[in-house]
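Close look at the chain arrangement
What follows is the residue order along each chain.
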Amino acid sequence: MDSIKAFKRLGVRYMLLQALNFAAVIASGLMIWKGLGLVCNTESPIVVVLSGSMEPAFYRGDLLFLTNPASEQYVTGDITVYKVPGADIPIVHRVIETHDVVSEGYVAASPLGQKQLLLTKGDNNNANDIELYQGLDWLEKRHIVGKVRGFMPYIGYVTIAMNDFPQLKYALLGGLGLLALVQRE
Amino acid sequence: MYSAYQRINNIFALLSTCIFALLGAIALSSFVFTADPKGSLSIGSLKVYPGRSPHFKQLRKEYAFVNFEVHADLSPLFHWNTKQLFVYLGAEYTSADGTRNDVVIWDRIIRRKEDANLNVKGRNKYEFRDVAVSFKNVTPAHYTLKYNTMPYVGVLTYSEAARTDNAIPFPLAQERV
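In this text the structure is predicted, and so the values were computed from the model without any measurement.

Our next topic: the pairing of strand β2 (residues 63–67) of chain A. Of the strand pairs in this sheet, strand β1 (residues 46–48) of chain A and β2(A) are connected by three bridges, and their pairing is antiparallel. If you follow A:V47 over to β2(A), its bridge partner there is A:L64.

Another point: the interface of chain A and chain B. Between chain A and chain B, the contact holds 36 residues from the first and 35 residues from the second. Its largest share of buried area at the contact with chain B, chain A owes to A:P56, A:T76 and A:F151, together 17% of the area lost on that side. Run the count over chain A and chain B and you get two salt bridges. One salt bridge connects A:E97 with B:R129, and the closest N-O pair in it is separated by 3.2 Å. At the boundary of chain A and chain B, one finds 13 residue pairs in polar contact (both at pLDDT 80 or more). When contributions to the side of chain A that touches chain B are tallied by element, the ones reaching two or more residues are β4 (91–101), β5 (115–121) and β6 (144–152) of chain A. When residues of the side of chain A that touches chain B are assigned to their parent elements, the largest contribution, seven residues, is made by β4(A). Sheet analysis places β6(A) next to strand β7 (residues 154–155) of chain B, joined by two bridges and oriented antiparallel. By the bridge assignment for β7(B), A:G150 is matched with B:V155.

All right, on to the side chain of A:N68 then. All names here are of chain A. The residue N68 is located in the loop between β2 and β3 (79–82) in this model. The exposure class assigned to N68 is buried, which follows from its relative accessible area of 11%. Here Y74 takes part through its side chain, which lies 2.5 Å from a polar atom of the side chain of N68. Setting aside residues up to four positions removed in sequence, N68 forms contacts with C40, N41, T42, Y74, I144, V145 and G146.

Calculation rules
Residues numbered from 1 in each chain as written. Chains lettered and ligands numbered in written order. Predicted model: local features only at pLDDT ≥ 70, side-chain atom pairs only at ≥ 80, totals over all residues. Heavy atoms only, no water. Pairing = 2+ DSSP bridges. Helix = DSSP H or I, 4+ residues; strand = E, 2+ residues; numbered from the N terminus. Contact = heavy atoms within 4.5 Å. Buried area = accessible area lost by both parts, 1.4 Å probe. Salt bridge = Lys/Arg side-chain N within 4 Å of Asp/Glu carboxyl O. Polar contact = N/O pair within 3.5 Å; in protein donor to acceptor, adjacent residues only side chain to side chain. Buried < 20%, exposed > 50% of the residue type's maximum accessible area, 1.4 Å probe, protein only.

Quick look at the structure:
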């Protein structure tokens, strides 16, 4: 009863304003994310490491910053995030073979038109990734989400925790929503 | 106006700002260290044998076997923001059809400064094969020793520590003894 009274006291106008504020926060977050993606030329400029195949360099929950400049070919040693068709999760592994194929219609002045065959391997794995390519023999440029440029440890563990314990996610979302509506500036 | 919620919020904001500023400063400090150590790399022997490939459509394929010697002291690369080094040895050559190749044949993860003085006499750790079936008519290969410095926080950097002086030609395939 008390809380309903509190809501009534705040008024409809105020509630609408708070809802609008909330929407603005979400929209600007989305804009920043998409803008960053545009600048970095990748669909997800920040990813969280989900597996231990690059240990001891990257552990589960570490944060990686990606770029995917259209003007650059991949070179061996690059750590790439790739997604092959048929696999749901993107994989973070290192390029260990590059083959710049001379294809028909290739113009010498534009390295971009050149097809590149890649082979990757996780630093912590014994074998290369051919088994992960879902029947493909090589990885190609179109499969690659981005190249790892920067690294920050642990921060991404929040998202892993939220995935493993969905209750946490709902509690957090509900709590934030309630606070945004009720709280008075 | 000073509710518990507001106090918690302020403390959390202050703490996270401090942590991110500190992380940023540490990441930037890496650029102060500009060590660029060089080493030497020599190829002892190079042999090509035919073999069976489990993965590829071409079942019979030629494999190259490389014996190499690496001397490089990479310990100057270790400073307070160096988590590990990834050192790798690659072969660069051009195939008969013009394909330019770069193949990593050996690598090592170095996690401590004490292990960073490399004196390795070894052979290729990974399969070394061409996209085509055979190494026939490919150009002689240059071998390079490169490394990737991986920080605790910040930017990943790459550099080259050694390169063979002359390109080494691939021999004709010999039958297995």
